Amino acid sequence: MFRNNYDGDSVTFSPTGRLFQVEYALEAIKQGSVTVGLRSHKYAVLVALKRNADELSSYQKKIIKCDTHMGLSLAGLAPDARVLSNYLRQQCNYSSLVFDRKLSVEKAGSLLSDKAQQNTQSYGGRPYGVGLLVIGYDNSGSHLLEFQPSGNVLELYGSSIGARSQGAKTYLERVLDDFLEIDNVEELIKVGVEALKQSLKDEDLTTQNLSIAFVGHDKSFTQLDGDAVSPYL
Amino acid sequence: MNHDPFAWGRPDDATYGRYNEKIAYASNQPTTNTTQPIVTGTSVLAMKYKGGVVIAADNLASYGSLLRFNGIERLIKVGQNTVVGVSGDVSDMQHIERLLEEIETDNNYDNTYSESFEQLQPSYVFKYLSAVMYSRRSKMNPLWNAIIVAGVENGAPFMRYVNLLGVTYTSPTLATGFGAHLANPLMRRVVDREEDVANTTREAAVETIKNCMKVLYYRDARSAKSYSLAVIDCETGVSLEHGIEVDNMVWGFAKDIKGYGTQKV
Amino acid sequence: MTSIGTGYDLSNSVFSPDGRNFQVEYAVKAVENGATSVGIKCDDGVVFAVEKIISSKLLVPKRNVKIQTIDRHIGCVYSGLIPDGRYLVNRGREEASNFKKLYTKPIPVSALADRISQYVQAYTLYNSVRPFGISAIIGGIDEDGSHLYMVEPSGTCWGYKGAATGKGRQAAKAELEKLFDRSTDGLSVKDAIKEAARVIYIAHEDNKEKDFELEISWCSATETNGLHKFVPENLLEEAIEYAKEQLEGYEEGDSDDEAASSDEEPATGDADGDVAME
């Protein structure tokens, strides 16, 4: 039977120059529940579908605040996301303590990228098994980044990661020109929720499983859960 | 008691813990770092006006009372709208110069807005310097300086002081060293409170600073005739002029001063 | 590659019986699948250009910058695993900073290229790491003028007048050779910007179905005061226009040149692999 010899660790290239361990880590993102991020010129929004292990358990947190102007949502291994978000929190603190300066979203992306890369070039570890959508509002306006375990970080107008995220992505591409111009945060959230719906299978959105966060020119990072999300259902 | 024949009669390690050898070998002198500056620069002056800041410092580095080095630049431009003026130890100032160059280089890395939204602002530079000064004093190893950071930020003048103790403060006029005694009262005739800034023109501020530099040259024995003056303006940015000379001095009174030096009274 | 699968290609730092280091060769494959980068050296400076494949229309144009700066006077562009390149550039920045602390002057380009290549070479020596999946073009200005180098995954470092790497390197190299044959009395950085754009456009021909964005930077004594900077918007537009114009002529004219690049390996890796690459 065919057996792939080149996928045992992250220090072995395949004959075609691929790193299978890193590619498998990208697969781990698809095991996680879906999350959507998008931004207009004034606001950035995250919308996420929370999962629970069984009827009696609570729902897994999907959105993590990093600073008053920045936060992220995750798809994949939540513990890995906690490591990365703690790192971002530290860096945000360092920036305000030493420079009295908000960490720019671009810099945050570079820091995440550089941290993840380390796990792909040395033996004994594994790449991070989580994808992140980072939103923030800094001196240059609102931003959305997509982070991958390979260390690739992209800046996008809208994105979606996690199970069946393609549906949301296709929807966002279709309405791209409209949501870029939205200057009302509630409207932007509605677009995000609508995109999220394109990625649902048989679940319904409820106050229990929907998580929303936003940040913008006149709003610091704010997270909505439970009853607060009911207007968007 | 310890019964080891080589340590007989000494307190038992098991009961009293191991003897700390460092105590026996300790030096008679306490550990010291910098306890005084060596080569020094004198006062830095700065004042706000409507739409900007003027800052000045002379070009002399003294070795005690010896006027040792000429042509020393003590105003450091950082980024596009900040000037840092440094008085005190000159070698520490040169260290600070390298730190500032490093943060400026780092700010250009992976920063697409390095020349617009994300350029270095005077408040960032000041926070950084005050963090450095405070951390060094907390290590009992201070950088022996008094620093004024001047610039413009969000269309308004910025000016703040920090010294070797990590103390920081601001005011519409600032001066370090001898200038704090001699120049501040003169500058405050023009800008006494924050409200006066709006009524002060660039020309008036430059004139005031120039006058203060002259007074300091008359009365501060560690000052020099040649100085640098920078104006940081909201509209026109930084203009840094080197080698300006104190002019229109009047020395006629000097012949009447008696009782000092070698002349007969 | 007859020894593939015989076990000598599974670990870094291992020689095969015929004296090859397969993991390094595989790292080169990662480079060969990456987007095309070029560097051109002129008398008064250097120019870098890179092709950025647009994998989604949701990407923000002009962002996701690829070319990086080391110290203030050196630029770097690379093809292959982009995060590896970022790591190498970070190392280069440390070297530049250490050099300046010790010698109180900016690091010469040759010294930096040398240090970086030694670092890359060290990653071929141990089985606890993998080689860098990039070829990096490094260039800039120092007190002896302009310099351009390319560092490969093996740690090899050569100086170049024109360097190209990535998927379209063969077409790009052919164009660069012709360019230097033509410009016997020197090339100005302003012209080199246009030519770099043209080379990237030609190299992209084999990958036509994918859209791309062009990124160009320069470092010149006359134009940028010796600093490495991105070219101004108007010059970039001008260069792209020139490249497109020239491309039309190229398509009609010498079609035999395209045969040169047809012996390239077919692209490997699925869509996901592609993303990881770019």
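Residues numbered from 1 in each chain as written. Chains lettered and ligands numbered in written order. Predicted model: local features only at pLDDT ≥ 70, side-chain atom pairs only at ≥ 80, totals over all residues. Heavy atoms only, no water.

With an unreviewed UniProt entry as reference, chain C is termed Proteasome alpha-type subunits domain-containing protein, source organism Henningerozyma blattae.

In the annotation of an unreviewed UniProt entry, chain B is listed under the name Proteasome subunit beta and assigned to Henningerozyma blattae. According to its UniProt record, chain B has this under Function (unreviewed entry): "Non-catalytic component of the proteasome." (UniProt positions renumbered as here; feature names shortened; annotations may be inferred.)

Turning our eyes to something else, we now look at the packing of helix α3 (residues 105-118) of chain A against helix α2 (residues 82-103) of chain C. Relative to each other, α3 of chain A and α2 of chain C sit at 100°, their axes nearing to 9 Å. In terms of orientation, α3 of chain A lies roughly perpendicular with respect to α2 of chain C. Here S110, S113, D114, Q117 and Q118 of chain A of α3 of chain A come into contact with α2 of chain C, specifically with P83, D84, R86, Y87 and N90 of chain C. Across the contact of α3 of chain A with α2 of chain C, the residue classes tally to two nonpolar, five polar and three charged. (Axes fitted to C-alpha atoms, helices over the stretch in contact; angles between N-to-C directions. Helix = DSSP H or I, 4+ residues; strand = E, 2+ residues; numbered from the N terminus. Parallel < 35°, antiparallel > 145°, perpendicular 65-115°, else oblique. Contact = heavy atoms within 4.5 Å. Nonpolar A, V, L, I, M, F, W, Y, C, P; charged D, E, K, R; others polar.)

A separate point is the sheet that holds strand β13 (residues 237-245) of chain B. All names here are of chain B. Read across the open sheet, the five strands follow the order β11-β2-β3-β12-β13; overall the sheet is antiparallel. At either end of the open sheet lies a strand with only one pairing partner, and these are β11 (173-175) and β13. Shown here is a sheet whose adjacent strand axes are inclined to one another by a mean of 15°, direction ignored. As paired strands, strand β2 (residues 44-49) and strand β3 (residues 52-58) are joined by six bridges and run antiparallel to one another. The residue of β3 that forms the bridge with A46 is I55. Its contacts with the sheet put helix α6 (residues 202-219) on β2, β3, β12 (226-233) and β13, and the angle it makes with β2 is roughly 160°. (Pairing = 2+ DSSP bridges.)

Right, let's talk about the confidence of the model for chain C for a bit. Residues and elements named next belong to chain C. In the predicted model, chain C carries a mean pLDDT of 90, and 88% of its residues have values of at least 70. Counting interchain partners and residues more than four positions distant, the pLDDT-below-50 stretch residues 255-278 has 41 contacts. With a pTM of 0.91, the predicted complex shows an ipTM of 0.94. (pLDDT = per-residue confidence, 0-100.)

Turning to the interface of chain C and chain A, a few remarks are in order. If you look at the interface, chain C gives 42 residues, while chain A gives 41 residues. Carbon and sulfur atoms supply 55% of the area buried between chain C and chain A, which totals about 3,400 Å² over both sides. Our count for the contact surface shared by chain C and chain A stands at three salt bridges. Note that R86 of chain C and D114 of chain A form a salt bridge whose closest N and O atoms lie 2.9 Å from each other. Within the residue set of the side of chain C that touches chain A, elements represented by two or more residues are α1 (22-32), α2 and α8 (271-277) of chain C. The leading source of residues in the side of chain C that touches chain A is α2 of chain C, at six residues. Of the residues assigned to the side of chain C that touches chain A, the class counts are 20 nonpolar, 12 polar and 10 charged. (Buried area = accessible area lost by both parts, 1.4 Å probe. Salt bridge = Lys/Arg side-chain N within 4 Å of Asp/Glu carboxyl O.)

Attention now moves to the UniProt feature "domain: Proteasome alpha-type subunits" (unreviewed entry) in chain C. According to UniProt, the "domain: Proteasome alpha-type subunits" (unreviewed entry) feature falls on residues 8-30 of chain C. Along residues 8-30 of chain C one finds 39% helix and 0% strand; the C-alpha atoms at either end are 19 Å apart.

All names here are of chain C. Summed over all chains, the structure comprises zero disulfides over all chains. Between C219, a free cysteine, and C42, which holds the nearest cysteine sulfur, the sulfur-to-sulfur gap is 11 Å. For C219, a relative accessible area of 0% corresponds to the buried category. (Disulfide = S-S within 2.5 Å. Buried < 20%, exposed > 50% of the residue type's maximum accessible area, 1.4 Å probe, protein only.)

Together, W251, F253, I257 and Y260 of chain B make up an exposed nonpolar region whose accessible area comes to about 460 Å². Tracing the sequence through the fold places F253 of chain B in the segment after β13. (Patch = residues over 30% accessible without salt bridge, like charges linked within 9 Å, V, L, I, M, F, W, Y side chains within 5 Å. Areas by Shrake-Rupley, 256 points an atom, 1.4 Å probe, with all protein chains shown as cover.)

Moving on, we get to empty space enclosed by the protein. Residues and elements named next belong to chain B. As enumerated under the stated definition, the model contains four cavities of 30 Å³ or more in all. Roughly 50 Å³ of internal volume is contained in the second largest cavity. Considering the residues around the second largest cavity, the lining is formed by T42, S43, D58, R74, M213, L216, Y217, D220 and S223. The element best represented in the lining of the second largest cavity is α6, accounting for three residues. A class-by-class count of the residues in the lining of the second largest cavity yields three nonpolar, three polar and three charged. (1 Å grid on protein atoms, 1.4 Å probe; cavity = no way out; pocket = protein on both sides within 12 Å on 5 of 7 lines; lining within 4 Å. Points joined across faces, edges and corners; volume = space filled by probe spheres on them.)

On to the pattern of salt bridges, then. In this structure the tally under the stated criterion is 36 salt bridges over all chains. A salt bridge links E106 of chain A to R63 of chain C, with the nearest nitrogen and oxygen atoms 3.9 Å apart. You can see E106 of chain A sitting in helix α3 and its partner R63 of chain C sitting in the loop between β2 (45-53) and β3 (68-70), one on each of two chains. Both residues of the pair, E106 of chain A and R63 of chain C, count as buried. One salt bridge in this structure joins K178 of chain C and E175 of chain C, with 3.1 Å as the shortest N-O distance. A residue pair is termed a helical-turn pair when its members lie 3 or 4 positions apart in one helix, as K178 of chain C and E175 of chain C do in helix α4 (residues 169-182) at three residues.

What follows deals with the interface of chain C and chain B. Between chain C and chain B, the residue contacts involve 14 residues of the former and 10 residues of the latter. Across the chain C/chain B interface, buried area totals approximately 1,000 Å², and carbon plus sulfur atoms make up 39% of it. Three residues, R63, R72 and R93 of chain C, lead the burial of chain C against chain B; their summed loss comes to 49% of the area buried on that side. Where R93 of chain C meets D110 of chain B, a salt bridge forms, and the shortest distance between an N and an O atom there is 3.0 Å. If you look at where chain C meets chain B, you find nine residue pairs in polar contact (both at pLDDT 80 or more). Secondary-structure elements contributing two or more residues to the side of chain C that touches chain B are β3 and α2 of chain C. By residue number, the principal contributor to the side of chain C that touches chain B is α2 of chain C, which donates five residues. Residue classes in the side of chain C that touches chain B are distributed as two nonpolar, four polar and eight charged. (Polar contact = N/O pair within 3.5 Å; in protein donor to acceptor, adjacent residues only side chain to side chain.)

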